[in-house]
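Tertiary structure, described
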Amino acid sequence: PPQPPPPPQPPPTPPPGPALPPRPPPPPRPPSMPLVEKVEGLLGQMTLREKIGQMLQLVEYMSGVEAVADGSWGDSSLGSVLYSGGLPSVGSLRERSARLQRAARRHRLGIPLLIGVDAVHGHAQARGTTVFPHNIGLGCARNESLARQLAEATSLEVAACGINWVFGPCVAAAQDDRWGRTYEAFSSDTELVSRLGEAQVRGLQESSTPVAACAKHLAADGATQHGRDQGDAVLSEAELQAHLRPYRAAVQAGALTVMVSFSSINGRPAHGNRWLVTQFLKRELGFEGLVVSDWGGINKLPGSAEQQFAAGINAGIDLVMLPGTNAPGTWNQATSGPWRAFVDSVERSVKTGRISLERIDAAVRRVLRVKGKLGLLAADAGGTAALRPPSSKHLAAAAAAEPKQLAPLVRSKWHRALAEEAAARSAVLLKHDGALPLSPTASVLVACRGGRSLGRQMGGWSLSWQGTTRDEGLGTNVYDGFRARAGRAGCEACVSFSERGDADSGDVAIAVVSEDPYAEGVGDRARSPVPMHGPDHACLDNLMKRRSSRPVILVAISGRPVDISEFDRRSSVIIASFVPGSEGGSAIASLVYGDRPFKGRLCRAWGEHWSLGFGLRLEPPPAAPPPPQEPSPPKVPVFRLLRPAPPPPPPPPSRSAGPGEARAGNAAPDPASDAPLAASAISATASAISARSATALCPPRGCDSRPVRNVFSRGEPGCCCK
């Protein structure tokens, strides 16, 4: 029987002492306000110089940036800040970002800053982050879902540093391998660029930690003559429309920002091209975000500084990126260099009529609208602003976690596994003569400079602007990747390394040839095809001189197709690995040992040897036939061992066959008796079973149990009581 409930206990007696004061009620929360009203309310409170300040972006390392942001120097404001060059750890960046935002909130308007960074393949310029393959590798993987997942991981690691804006993806369609930014482009095919660019825009802005994406560089920066960076693209109308296709896809995906290109189209600089920025982007595509200039790109227009600013703003640029210098001087002082020159020049242009006040208001509206969609604006009664959940439906899934809470997720196990998977999928097998896969216990020599250089493996925009050739940073180089894989098979000593290739060890040589890292401008080349570096040629010569019979597996780590015709004649296997990132060493080892299949296909033609879309596959080894099995003895039914089988039933009484009937002994077999039931037959059978289960009841044959439904009686009397 159930036990009675225990008697209620009296409440505990409070300890003696003075009573605590009651907790004050929370302050009333201001009612939510539509974004349009918030923007117009802030715009109505601004002076002209404060509006101009919202159109300015300064570099974080400039001295005096905080004084400009909080309004203690001058009577303006600051709209945005960008990080540039080699960056410190995640914790240091988070503290810097918090300090900048506190300074902006001390301003009388209290409008937070847009803080941007070039996280073009993961948050690679910061220390301790995950470095993913560059876009050229993602083009070879041809997987939109993978591209989106990488963008989501990037947004998390960027948000953990207090950064809310990524200058990516690059949606250029690189046409000439001599261009130093070829690896930033997904492909030479604008259709593939459009699909992957759209995926990355959605990944950055629709993740659990959304940041603003930036489609760049408007437009056709990958189609300049001779592949010259910041050059001129001579295009027909049809060619221009093809290079504009990725921007249509990015705007449809909801990209919040677009960056204008350094280059020109048919002799007209993009920074001063009103048709391109205003007519095409803003009016034809209906783009509602902000347009930002490139690093000092507006100052490359003709005329004085005041004329340059006016031409760029009138063309449709809403936010002007003004660089500083690392050298000491007034131009590196935010309070006396670019900030004052920009604000004073634009103010004079408005007063003289060179720039209309309506154009200034339109630009500031776009800047504030982007901040509002990122959740940075929430006007209260005092007119100030604070961080709030995002108001855009595209960013409604934003996490409420602070940057400090996201720090443990930076370079997490999941991010490293994602980077390794992306590096493996981006590798392309160009040549194979049957040497793969290798056995984990095979004696292997990893040779040449790229085999033990994490910097060459990550490429440009990694740890610094131009990258580094040193083996520094967190990740796995090729040599360590092979040693780890062989170590899991108990043969870590089977793998050795020689930078010059002059060692006799190893029955198989892994020659890792590579380009030195580079970025924009510095990476341009005059020759086509782009030559490989001399030390790699010497390394391959040494490998052949030592043991000419030793098979050579060539791994080419580069940011574009390079001239490997000489290596082709000496190699048994050629693998193209386009700057695979921090986990590229593990990915290459898993491919060579056969742990993963080759799936990559070229996203651009490689000289005259391999066309766009080329990529070999390793055929799986034929399955061994199953071993012959002895026939098992026939099984005897159990019931036959217990009792004899019942006699067969007597035949039914014979009768004459009716008209249209066949005699039992002469009945022909039904050809459809063993065929699968049709849908109508299955339905009819189910209906018949349902009807029988509803009507056939078990007759009580002297048993004590209650009769139950007899589902399987088949029309005959039966009992299922027992």
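Bear in mind that the values here come from a model prediction, so they are computed numbers and not experimental data. (Residues numbered from 1 in each chain as written. Predicted model: local features only at pLDDT ≥ 70, side-chain atom pairs only at ≥ 80, totals over all residues. Heavy atoms only, no water.)

Within the protein, the regular secondary structure consists of 21 helices and 17 strands. Out of the 722 residues in the protein, the part that is buried amounts to 50%. Within the protein, contacts between residues at least 6 apart in sequence are counted, and of these 75% link residues at least 24 apart. Summed over its atoms, the accessible surface of the protein is roughly 33900 Å², and 55% of this surface lies on carbon and sulfur atoms. (Helix = DSSP H or I, 4+ residues; strand = E, 2+ residues; numbered from the N terminus. Buried < 20%, exposed > 50% of the residue type's maximum accessible area, 1.4 Å probe, protein only. Contact = heavy atoms within 4.5 Å. Areas by Shrake-Rupley, 256 points an atom, 1.4 Å probe, with all protein chains shown as cover.)

Relative to each other, helix α6 (residues 144-159) and helix α14 (residues 413-426) sit at 145°, their axes nearing to 11 Å. The hand of the α6/α14 crossing is left-handed. Contacts between α6 and α14 involve L146, Q149, L150, A153, L156 and E157 on the former and, on the latter, W414, H415, L418, A422 and R425. Grouping the amino acids of the contact of α6 with α14 by side-chain chemistry returns seven nonpolar, two polar and two charged. (Axes fitted to C-alpha atoms, helices over the stretch in contact; angles between N-to-C directions. Left-handed = near helix turned anticlockwise from the far one by under 90°. Nonpolar A, V, L, I, M, F, W, Y, C, P; charged D, E, K, R; others polar.)

Here we come to the nonpolar core. Judged by nonpolar contacts, the single largest core of 155 residues is most densely connected at L78, W165, L281, F342, V346 and W606. With seven residues, the top contributor of residues to this core is α6. Membership of the second largest hydrophobic core comes to 29 residues, among which are F482, I510, I553 and Y593. (Core = buried A, V, L, I, M, F, W, Y, C linked by side-chain atoms within 4.5 Å.)

Attention now goes to the packing of aromatic side chains. Going through the model one piece at a time under the given rule, you end up with eight aromatic pairs. Between W275 and F280 the ring centres are 5.9 Å apart and the planes differ by 25°, which places this aromatic pair in the stacked class. On the basis of an interplanar angle of 85° and a centroid distance of 5.1 Å, the ring pair of F309 and F342 is categorised as edge-to-face. Remark: F342 occurs in helix α11 (residues 338-352) and F309 occurs in helix α10 (residues 305-315); sequence separation between them is 33 residues. In this structure F309 comes out as buried when scored by relative accessible area, which is 3%. On the accessibility criterion, F342 (0% relative accessible area) is buried. (Phe/Tyr/Trp six-rings, centres within 6.5 Å; stacked < 30°, edge-to-face > 60°.)

Another aspect to go through is the environment of I111. Structurally, I111 is set in the loop between α4 (90-106) and β3 (114-117). Assessed through its relative accessible area of 4%, I111 is described here as buried.

Because side chains alternate across strand β7 (residues 257-260), one face comprises the buried residues T257 and M259, and the other comprises V258 and V260, equally buried. When strand β5 (residues 214-218) meets β7, the two strands line up parallel, connected through four bridges. Pairing of L218 across the sheet is with V260, part of β7. Pairing geometry for β7 and strand β10 (residues 290-292), over three bridges, is parallel. In the strand pairing of β10, V258 is matched with V291. (Pairing = 2+ DSSP bridges.)

Turning our attention to the pattern of salt bridges. Between side chains of opposite charge, a pair can form as their charged atoms come close. If you walk through the whole model with that rule in mind, you get 43 salt bridges. Residue K51 is joined to D361 by a salt bridge in which the shortest nitrogen-to-oxygen separation is 2.9 Å. Of this pair, K51 sits in helix α2 (residues 48-54) while D361 sits in helix α12 (residues 357-373), placing them 310 residues apart in sequence. By relative accessible area, which is 14% here, D361 ends up buried. The network of salt bridges with shared partners includes R49, D75, D344, E347 and K351. (Salt bridge = Lys/Arg side-chain N within 4 Å of Asp/Glu carboxyl O.)

Moving on, we come to the state of the cysteines. Going through the model one piece at a time under the given rule, you end up with two disulfides. Across the disulfide, C448 is cross-linked to C539 (sulfur-sulfur distance 2.1 Å). Where C448 bonds to C539 through sulfur, the torsion about that S-S bond is close to -95°, and the disulfide is left-handed. Here C448, found in the loop between β13 (444-447) and α15 (454-458), pairs with C539, found in helix α17 (residues 534-546); they are 91 residues apart in sequence, far enough to count as distant. Each member of the pair, C448 as well as C539, is classed as buried. A sulfur-sulfur separation of 1.4 Å characterises the disulfide bridge that pairs C491 with C494. Taken as a pair, C491 and C494 share a single burial class, namely buried. For the protein, the bonded cysteines connect in the pattern 1-4, 2-3 when numbered consecutively along the sequence. Cysteine C140 remains unbridged, with the sulfur of C603 as its closest cysteine sulfur at 3.8 Å. Classification of C603 by relative accessible area gives buried; the value is 1%. (Disulfide = S-S within 2.5 Å.)

Looking now at the sheet that holds β7. Spatially, three strands are ordered β5-β7-β10 in an open sheet, and the strand pairing comes out parallel. Edge positions in the sheet fall to β5 and β10, since each of these pairs with one other strand and no more. Direction aside, neighbouring strands of the sheet carry axes that sit 25° apart on average. Helix-sheet contacts for helix α8 (residues 237-252) involve β5 and β7, and the interaxial angle to β5 is about 160°.

Averaged over all residues, the pLDDT of the protein equals 83, while 76% of them reach at least 70. Note on residues 379-400: pLDDT under 50 across the span, and 54 contacts to partners over four residues away in sequence or across chains. Scored below 50 in pLDDT, residues 654-722 makes 37 contacts in the model with residues more than four places away or belonging to other chains. (pLDDT = per-residue confidence, 0-100.)

The next thing to look at is α8. Taking 1.5 Å as the rise per residue, α8 with 16 residues should run 22 Å; its terminal C-alpha atoms sit 22 Å apart, in good agreement. Where α8 bends most, the angle comes to about 30°, and this point is L244, followed within four residues by the proline P246. Buried within α8 we find L240, H243, L244, P246, Y247, A249, A250 and V251. Looking at the buried side of α8, the elements it contacts are α7 (190-205), β5, β7, β8 (264-265) and α9 (274-284). Remark: G254 follows α8 within two positions and exhibits a positive phi of approximately 100°. (Expected span 1.5 Å × (residues − 1). Bend = angle between axes of the 7 residues up to and from the residue.)

Residue position: H134 is located in the loop between β3 and α5 (135-141). A polar contact is formed between the side chain of H134 and the side chain of H121, at a distance of 3.4 Å. H134 has contacts with V120, H121, Y183, M458, G459, G460, W461 and V579, leaving out every residue within four places of it along the chain. (Polar contact = N/O pair within 3.5 Å; in protein donor to acceptor, adjacent residues only side chain to side chain.)

Put simply, helix α16 (residues 478-488) and helix α19 (residues 584-592) touch, their axes get as near as 7 Å, and they point 50° apart. On the basis of the axis angle, α16 is oblique to α19. Crossing geometry of α16 relative to α19 is assigned as right-handed. Contact residues: α16 offers V478, G481, F482 and R485, while α19 offers G585, S586, I588, A589 and V592. The residue makeup of the contact of α16 with α19, split by class, is five nonpolar, three polar and one charged. (Parallel < 35°, antiparallel > 145°, perpendicular 65-115°, else oblique.)

The next point concerns unusual backbone geometry. With glycine set apart, most residues show a phi of negative sign, and most peptide bonds adopt trans. Note the cis peptide between L218 and A219, where omega equals 0°. Inspection of the secondary structure assignment puts A219 in the loop between β5 and β6 (232-233). Here the amide bond leading from S528 into P529 is cis, since omega sits at 0°, within 30 degrees of zero. Positionally, P529 belongs in the loop between β15 (508-514) and α17. Non-glycine residue R411 carries a positive phi angle of around 55°.

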